[in-house]
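Take a look at the letters that make up each chain.
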Amino acid sequence: MGHAVHADERHHPPEQIHTGEEFVGYEPGSKGKVRAFFASGRSAEGDLLVGADGPHSTLRELVRADSAPTYAGYVAWRGLAPELRVAERARRLLEGTFAFQQGPGHMLLEYMVPGEDGSVKPGERRWNWAWYRKIDAATLKNVLIDRNGHQHGFSLPPGTARKEYTDALRADGHAMLAPAFQELMAATDDIFMQTIQDLQMDQMVFGRAILLGDAAFIPRPHTAGGSAKAAANALALALALRNHQAGIDAGLQEWQQQQRDAGYRMTDSGISMGQQIMGL
């Protein structure tokens, strides 16, 4: 139950979906229940309140106000290059590869993803690329001011990065990157950015309120495991609640022990990789 609730109506009854709701607080309910409150004035009561609301979780701020993610010292500039806009020579070289280029304090990687409409047909796909670059915290704050003067906290969505920064990135690409990677950047209209952050929670269960996914542990992208971790959290939770004969609370404690240990292993691995890649 996050900042805004969305779900797939093909798998959930419409009466269980409340789009556009902003979660603002919770309190213990009656008979071991928990009640969640929303900005609209609506409230809902259930056996569990699940905070699966991402890196900047509203629920986490409520249960542990001092647990904000920390900046790792570098960012990922990202882009999507339509397949047929990439020069033919680069297409032949990159086809079927997951390629990297690493240098002092930076690394670029690329791989192919479906097209905008989900197509995987040759010619309709896209190359996804990410270029990890160091930015000190003071400079980052200025970079996160978008082209309309709005200060972002942690990322620049597509269509928002200021031209002065993307032009400088493209110039660096010409000076630093292999020709095929330069072609990917040239074929990319819109460059966006995400900061690399760390978060490790020593607690995931707070009575009947729980944190899972990136609300509890944020693995760096080098692990390629963030989505899998969140799915594993959710599946393990369902199994723990279904199979535990001692009740919900005992099942939650067992789940917390297992998933917290897994979260530490993954995030520690990502931090180690990031330090080696970026020389931090």
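Look up: the structure comes first, before these words.
Summary of the structure given here. (Residues numbered from 1 in each chain as written. Predicted model: local features only at pLDDT ≥ 70, side-chain atom pairs only at ≥ 80, totals over all residues. Heavy atoms only, no water.)

### With respect to the overall build of the protein chain
Where we set the bar: Helix and strand labels come from DSSP, where a helix needs a run of H or I of at least four residues and a strand needs a run of E of at least two; each type is numbered from the N terminus. Partly exposed describes any residue whose relative accessible area lies between the buried limit of under 20% and the exposed limit of over 50%, with all areas from a 1.4 Å probe on protein chains only and scaled to the type maximum. We call two residues contacting when some pair of their heavy atoms lies within 4.5 Å.
Each helix and strand counted, the protein chain has seven helices and 13 strands in total. When the 280 residues of the protein chain are sorted by exposure, 41% land in the buried category. Counted over contacts in the protein chain with a minimum sequence separation of 6, partners at least 24 positions apart contribute 61%.

### Focus: the sheet that holds strand 2 (residues 34-38)
What links the strands of a sheet is backbone hydrogen bonding, and the strands pair in either a parallel or an antiparallel sense. This is how it is decided: The pairing criterion is simple: DSSP has to find at least two bridges between the two strands. Structural elements are reduced to axes, namely lines fitted to C-alpha atoms, with helices fitted over the stretch in contact, and the angle between N-to-C directions of any two is expressed from 0 to 180 degrees.
With antiparallel pairing, the three strands of this open sheet are ordered in space as 1-2-3. Since the sheet does not close on itself, it has two edges, and those belong to strand 1 (23-28) and strand 3 (43-46), each with one partner. Each neighbouring strand pair of the sheet contributes to a mean axis angle of 20°, computed without reference to strand direction. With four bridges connecting them, strand 2 and strand 3 associate as antiparallel partners. Among the inter-strand pairings, Val-34 is bridged to a residue of strand 3, identified as Gly-46.

### Description of the pattern of salt bridges
Selection criterion: Any carboxyl oxygen of Asp or Glu that lies within 4 Å of a side-chain nitrogen of Lys or Arg is treated as forming a salt bridge with it.
Per the stated rule, a full pass over the model turns up 14 salt bridges. Close ionic contact of Arg-208 with Asp-249 constitutes a salt bridge, the shortest N to O distance being 2.9 Å. One end of the pair, Arg-208, is in the loop between strand 11 (205-206) and strand 12 (209-211); the other, Asp-249, is in helix 7 (residues 248-278), with 41 residues separating them in the sequence. A salt bridge links Asp-214 to Lys-229; its shortest N-O distance comes to 3.7 Å. A residue pair is termed long-range when its members are at least 10 positions apart, and Asp-214 in the loop between strand 12 and strand 13 (217-218) and Lys-229 in helix 6 (residues 226-243) qualify at 15 residues. Overlapping salt bridges, with partners in common, bring together Glu-83, Glu-95 and Arg-125 in one network.

### Focus: the pairing of strand 1
Direction of pairing for strand 1 relative to strand 2: antiparallel, over a ladder of five bridges. The residue bridging Pro-28 from the neighbouring strand is Val-34, located in strand 2. Hairpin remark: strand 1 followed by strand 2, antiparallel, with five residues in the connecting loop; positive phi at Lys-31, about 55°.

### Structural notes on the environment of Asn-142
Residue position: Asn-142 is located in helix 3 (residues 137-143). With residues near it in sequence (within four places) discarded, Asn-142 still touches Arg-162 and Tyr-165.

By themselves, these are just geometric observations and shouldn't be taken as functional.
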